[in-house]
Structure formats: C-alpha cells, structure tokens
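Spelled out, the chains give:
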Amino acid sequence: MYLQYLLTLDDDGIELVSNVVRDWCKVHHVPLECELCREAMRFAVERVLAGEESPVALLEAIKTHMDVENFRHPELASGYPASSGPDTKAK
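Summary of the structure given here. (Residues numbered from 1 in each chain as written. Predicted model: local features only at pLDDT ≥ 70, side-chain atom pairs only at ≥ 80, totals over all residues. Heavy atoms only, no water.)

## Here we look at the pattern of salt bridges
Where charged atoms from two side chains of opposite charge come close, those side chains can pair. Inspection of every chain in the model, using the stated rule, returns four salt bridges. Across the pair Arg 42 and Glu 46 runs a salt bridge, and its minimum N-O distance is 2.3 Å. Of this pair, Arg 42 and Glu 46 both sit in helix 3 (residues 35-49), four residues apart, which is roughly one turn of that helix. On the basis of relative accessible area, Arg 42 is assigned to the partly exposed category, the value being 26%. By relative accessible area, which is 44% here, Glu 46 ends up partly exposed. (Salt bridge = Lys/Arg side-chain N within 4 Å of Asp/Glu carboxyl O. Helix = DSSP H or I, 4+ residues; strand = E, 2+ residues; numbered from the N terminus. Buried < 20%, exposed > 50% of the residue type's maximum accessible area, 1.4 Å probe, protein only.)

What follows is the structure, encoded as structure tokens:
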C-alpha cells in the first residue's frame, strides 16, 4: 500500500485505513498496487482525517464513493456503451 497517503495519520488511523482498504480490495478483487486501490486509500485517509473512526462506516463510505465498474470501464460511466448514447439513433 502507498505510504505517502498514510503519513498524515496516527497509528490508529493507519491501522484503520490499511485494514479497511485491504478488505475492500479483497472483496472486489482489486490488486493492492493498482490505481483503484490508491483511490480507495486516498478517499479513506480523507474520511479518517475528517473524523471517521468506525471501520463499518469507513467501509460503507468507500463502497459508496468507489464504483468499481466505472473505474474498470470508464466508457460505461454515463450509462451508455461506447458505441451508443442518448444521441445515437438506429438507422
């Protein structure tokens, strides 16, 4: 995991973020050294710095913030496949 994100936390915050992000990555089959994991960690550090202390609440916040499919397939973020969209008409 990336230490630069954790350096701003105390020991309890480091443990909280590390455990929650590791669990989230495991559940979502996300490698610990990928951009998606770094974003989850960055977000978790922000939440802990803002006062979040509950692992359950932190995990729920990460789930809400992170949309794994949008990160893996950004072309689907709009809800339309890359070959279609609201302006595409069948001919």
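## Observations regarding helix 4 (residues 55-65)
Considered for burial, the residues of helix 4 that qualify are Leu 58, Ala 61 and Ile 62. All buried residues of helix 4 project into a common sector of 100° when viewed along the axis, lining one side. The outward face of helix 4, more than 90 degrees from its buried face, is lined by the exposed residues Val 56 and Thr 64. Of the surrounding elements, those touching the buried residues of helix 4 are helix 2 (11-27) and helix 3. (Arc of directions from axis to C-beta. Contact = heavy atoms within 4.5 Å.)

That's the geometry; what it means functionally is another story.
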